[in-house]
Amino acid sequence: MTHEATAGPGAVATTTAPAPAEKLSGRNGKSGSARRRGPGGRHGSRWTPWLYLVPALVVLATLLVYPIYQLGLISFLEYTQAQVSGGEPTTFKGFGNYQTLFADSQFWQVLLATVVFAAACVIATLAVGCALAVLLTRIRAVPRLALMLAALGAWATPAITGSTVWVFLFDPDHGPVNRLLGLGDFSWTYGRYSAFALVLFEVVWCSFPFVMVTVYAGIKAIPSEVLEAASLDGASQWRIWRTIIAPMLRPILIVVTIQSIIWDFKVFTQIYVMTSGGGIAGQNLVLNVYAYQKAFASSQYSLGSAIGVIMLLILLAVTLVYLRLMRRQGEEL
């Protein structure tokens, strides 16, 4: 569209008005290149988060993937002190190390003891953590703060420090626990089951704060109107927990359970310190300590690596079960 304007006698000036489309683009603040951005722009934005994750992925690949590769490689070799020192050549054994382990009755005993011990630790940790989480919702602010500070102090204590303290507390000669219980010179670490029980107490002591804090946060997120309505209907506290709180906390309970299984299955420091390397005649061995003994005490590095690979596969299976359960419940991963 053109407009004619008279600039003077006999002179005509012509001006061109902006097109409607150009006016629209100007009002919207979008340029033509922005309007023409198609699937390519969206494709680029989809990969943008991965670009930010590249540094972390590089670090993980360096610190995790390569060691796992070396662990798996050594498990297929004949690799003892003779090969480390260069006295004998390294030979490929294939699955020979795994066959040796599977034919060893001690390996199956240690595996069974590890599974049972980890299961007992997980059950006890969840029971103590959930009970204290419920208790936190029913006490006043000052005792609640004191309990949380004490629990977080136990959680922050290094495993070797906590294990040493617990060994002193239950010492048959100088420990205060035996004196309070009137057990005399009873040695907790002499018997197999009493030693496992002592280690279980220490593991639960340093693990329950995570469960307690996590479950307490989940309970506080539940609408108070729901709990009040159940109380007005005459439901007992146990029934409220079983029929209302526990189902609503199921995703959180699954997370803390799976993480507790992973942590307790890999227990090393507590067993090694409190039972002096696995107990009398190896009666308190778990897979982590058993692998350490095979690799470093016996210089059978290939057998120790094979045990590590087996533990990795077991924990990977547990993790996959966790992911499957989360997907079934519609949780975003």
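Above this text is the structure in question.
Because the structure is predicted, anything quoted here is derived from the model rather than measured. (Residues numbered from 1 in each chain as written. Predicted model: local features only at pLDDT ≥ 70, side-chain atom pairs only at ≥ 80, totals over all residues. Heavy atoms only, no water.)

A closer look at the overall build of the chain
Under the convention used in this document: Working definition: helices are DSSP H or I runs of at least four residues, strands are E runs of at least two. Numbering for both runs from the N terminus. Remark: exposure states derive from per-residue accessible area (1.4 Å probe, protein chains only) relative to the maximum for the residue type, with buried under 20%, exposed over 50%, and partly exposed in between. For this analysis, residues touch if any pair of their heavy atoms sits within 4.5 Å.
Each helix and strand counted, the chain has 16 helices and 4 strands in total. Classification of the 333 residues of the chain by burial places 31% in the buried group. Counted over contacts in the chain with a minimum sequence separation of 6, partners at least 24 positions apart contribute 62%.

Brief notes about the pattern of salt bridges
Rules: Every case where a carboxyl oxygen of Asp or Glu lies within 4 Å of a side-chain nitrogen of Lys or Arg is listed as a salt bridge.
In the structure shown here, the tally under the stated rule is 1 salt bridge. A salt bridge links Glu78 to Lys93, with the shortest nitrogen-to-oxygen separation between them at 3.2 Å. Separated by 15 residues along the polypeptide, Glu78 in strand 3 (residues 77-78) and Lys93 in the loop between strand 4 (91-92) and helix 5 (96-102) bring together distant segments of the chain. Taking relative accessible area as the criterion, Glu78 reaches 23% and is therefore assigned partly exposed. Relative accessible area serves as the criterion here: at 34%, Lys93 is assigned to the partly exposed category.

Thoughts on the state of the cysteines
Formally: Note on disulfides: each one is a pair of cysteine sulfur atoms within 2.5 Å.
One pass over the structure, following the stated rule, counts 0 disulfides. Summary of cysteine pairing: Cys121 is not part of a disulfide, and the nearest cysteine sulfur, belonging to Cys206, is at 9.0 Å.

Observations concerning a nonpolar patch on the surface
Formally: Residues enter a patch when their relative accessible area is above 30% and they make no salt bridge; the linking distance is 9 Å between like charges and 5 Å between nonpolar side chains (Val, Leu, Ile, Met, Phe, Trp, Tyr). Reported accessibility uses the Shrake-Rupley method at a 1.4 Å probe radius. Residues are deemed covered only where the shown protein chains occlude them.
On the surface, Trp47, Trp50, Leu53, Leu57 and Leu60 cluster together to form a nonpolar patch covering roughly 530 Å² of accessible area. Examined against the element boundaries, Leu53 turns out to sit in helix 3 (residues 39-75). The partly exposed category is assigned to Leu53, whose relative accessible area is 40%.

A word on the nonpolar core
Going by this rule: We call a set of buried residues a nonpolar core when its members are Ala, Val, Leu, Ile, Met, Phe, Trp, Tyr or Cys and they connect through side-chain atoms within 4.5 Å of each other.
Membership of the largest hydrophobic core comes to 36 residues, with the highest contact counts inside it found for Leu101, Phe107, Phe117, Ile271 and Leu287. For this core, the secondary-structure elements that each account for two or more residues are helix 5, helix 6 (105-136), helix 10 (192-221), helix 14 (269-274), helix 15 (287-297) and helix 16 (301-328). Residues Leu132, Val211, Ile222 and Trp241 belong to the second largest nonpolar core, which totals 23 residues.

Considerations on the packing of aromatic side chains
Spelled out, the test is: The rule is short: rings of Phe, Tyr and Trp, with Trp giving its six-membered ring, pair when the centres are within 6.5 Å, and they are stacked under 30 degrees, edge-to-face over 60, tilted in between.
In this structure the tally under the stated criterion is 21 aromatic pairs. Taking the centre distance of 5.4 Å and the plane angle of 80 degrees together, the rings of Phe186 and Trp188 count as edge-to-face. Accessibility expressed as a relative area gives 36% for Phe186, which makes it partly exposed. Trp188 gets classed as buried once you look at its relative accessible area, which sits at 14%. Plain terms: the ring middles of Phe296 and Tyr301 are 6.2 Å apart, the flat faces sit at 80 degrees to each other, and that makes the pair edge-to-face.

Observations concerning the environment of Ala291
Mapped onto the fold, Ala291 is located in helix 15. For the pair Ala291 and Met311, spaced 20 residues apart in sequence, the C-alpha to C-alpha distance is 9.7 Å.

Considerations on unusual backbone geometry
Of note, Ser276 is a non-glycine position whose phi angle comes to about 55 degrees, a positive value. The class of Ser276 is exposed, set by a relative accessible area of 69%. Despite not being glycine, Ala281 shows a phi value in the positive range, around 55 degrees. Here Ala281 is to be found in the loop between helix 14 and helix 15.

Things to note about the packing of helix 13 (residues 250-265) against helix 16
Put simply, the rule reads: Inter-axis angles, ranging from 0 to 180 degrees, are taken between N-to-C directions of lines fitted to C-alpha atoms, where helices are fitted over the stretch in contact. Working rule for angles: under 35 degrees goes down as roughly parallel, over 145 as roughly antiparallel, 65 to 115 as roughly perpendicular, anything else as oblique. Under the convention adopted here, Pro, Cys and the residues Ala, Val, Leu, Ile, Met, Phe, Trp and Tyr are nonpolar, Asp, Glu, Lys and Arg are charged, and Gly plus all remaining residues are polar.
Following both chains from N to C, one finds helix 13 and helix 16 inclined at 180 degrees, their axes separated by 10 Å at the closest point. It follows that helix 13 is roughly antiparallel to helix 16 by the angle criterion. Contacts from Ile254, Val255, Ile258, Ile261, Ile262 and Phe265 in helix 13 reach Met311, Ile314, Leu315, Val318, Thr319, Tyr322, Leu325 and Met326 in helix 16. In terms of residue class, the contact of helix 13 with helix 16 is built from 13 nonpolar, 1 polar and no charged.

Details of helix 15
Along helix 15, the residues classified as buried are Leu287, Val289, Tyr290, Ala291, Lys294 and Ala295. Phi for Ser299, located one or two positions after helix 15, is positive at around 60 degrees.

Topic: the packing of helix 11 (residues 224-232) against helix 12 (residues 237-248)
Inclusion rule: Note on convention: the crossing is left-handed when the near helix lies turned anticlockwise from the far helix by less than a right angle, right-handed when the turn is clockwise.
Where helix 11 meets helix 12, the closest approach of the two axes is 11 Å, and the angle between their N-to-C directions is 145 degrees. With respect to the hand of their crossing, helix 11 and helix 12 are arranged in right-handed fashion. Of the residues in helix 12, those touching helix 11 at Val226, Leu227, Ala230 and Ser231 are Ile240, Ile244 and Ile245. Class assignment of the residues belonging to the contact of helix 11 with helix 12 gives a composition of 6 nonpolar, 1 polar and no charged.

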